[in-house]
Amino acid sequence: MRIGIAADHGGFELKKDLSTRLLAAGHEVVDFGPAKLDPEDDYPDYVVPLAEAVAAGKVERGIAVCGSGVGACMAANKVPGIRACLINDHYSAHQGVEHDHMNILCLGGRVTGVMTAWDYVEAFVAAEFSQEERHLRRLSKVAALEARTLKRT
């Protein structure tokens, strides 16, 4: 799978570790930065380009990491077509894809251990959207809400 990944200073080390693990697992990793640790950087500068790439189909899924995962999640969800979620458990990591077609996994680099994060990433990457009617119906309602919101701006 072609996976994009981005972080700020709070998620920099976890991003490096996850990138290495994804490559070893046979995935293609597109790194949206940063290339080096900068304690003054801002998550939108890296997460928004990642989200735009996911929305445009340039990468299949994305992983966004900041200190808590909250800011990265908020920034990613401002991009139309993105369904980013802050994940703190194994079940939600796969269920978010299977039921809600989550396309960006958000993690907190300061609150999620490396092995736990890797467990979530493995579940996220292995999951597939169910295509069940009830999930398609719900996703259609979310897409309609997004379209309505975009018309107001």
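Since this is a predicted model, take the numbers as computed values, not measurements. (Residues numbered from 1 in each chain as written. Predicted model: local features only at pLDDT ≥ 70, side-chain atom pairs only at ≥ 80, totals over all residues. Heavy atoms only, no water.)

Q: A description of the overall build of the chain should follow, citing residues and the corresponding values.
A: The number of helices and strands found in the chain is six helices and five strands. What you see in the chain, going N to C, is helices and strands ordered as β-α-β-α-β-α-β-α-β-α-α. Viewed in the frame of its principal axes, the chain has a C-alpha envelope of about 40 × 35 × 25 Å. In the chain, which comprises 153 residues, the share counted as buried stands at 44%. Sequence separation of at least 24 residues holds for 69% of the intrachain contacts in the chain that already meet a minimum separation of 6. (Helix = DSSP H or I, 4+ residues; strand = E, 2+ residues; numbered from the N terminus. Buried < 20%, exposed > 50% of the residue type's maximum accessible area, 1.4 Å probe, protein only. Contact = heavy atoms within 4.5 Å.)

Q: Explain the pairing of strand β3 (residues 61-66) to me, and be specific about the residues and the numbers.
A: Within β3, six of the six residues are buried, which leaves it mostly tucked inside the rest of the structure. Burial of β3 is two-sided: the residues R61, I63 and V65 facing one way and the residues G62, A64 and C66 facing the other way are all buried. Direction of pairing for strand β1 (residues 2-7) relative to β3: parallel, over a ladder of five bridges. Each residue of the ladder has a partner; that of A7, found in β3, is V65. Relative to strand β5 (residues 104-108), β3 runs parallel, the two being bridged by five bridges. If you follow I63 over to β5, its bridge partner there is L105. (Pairing = 2+ DSSP bridges.)

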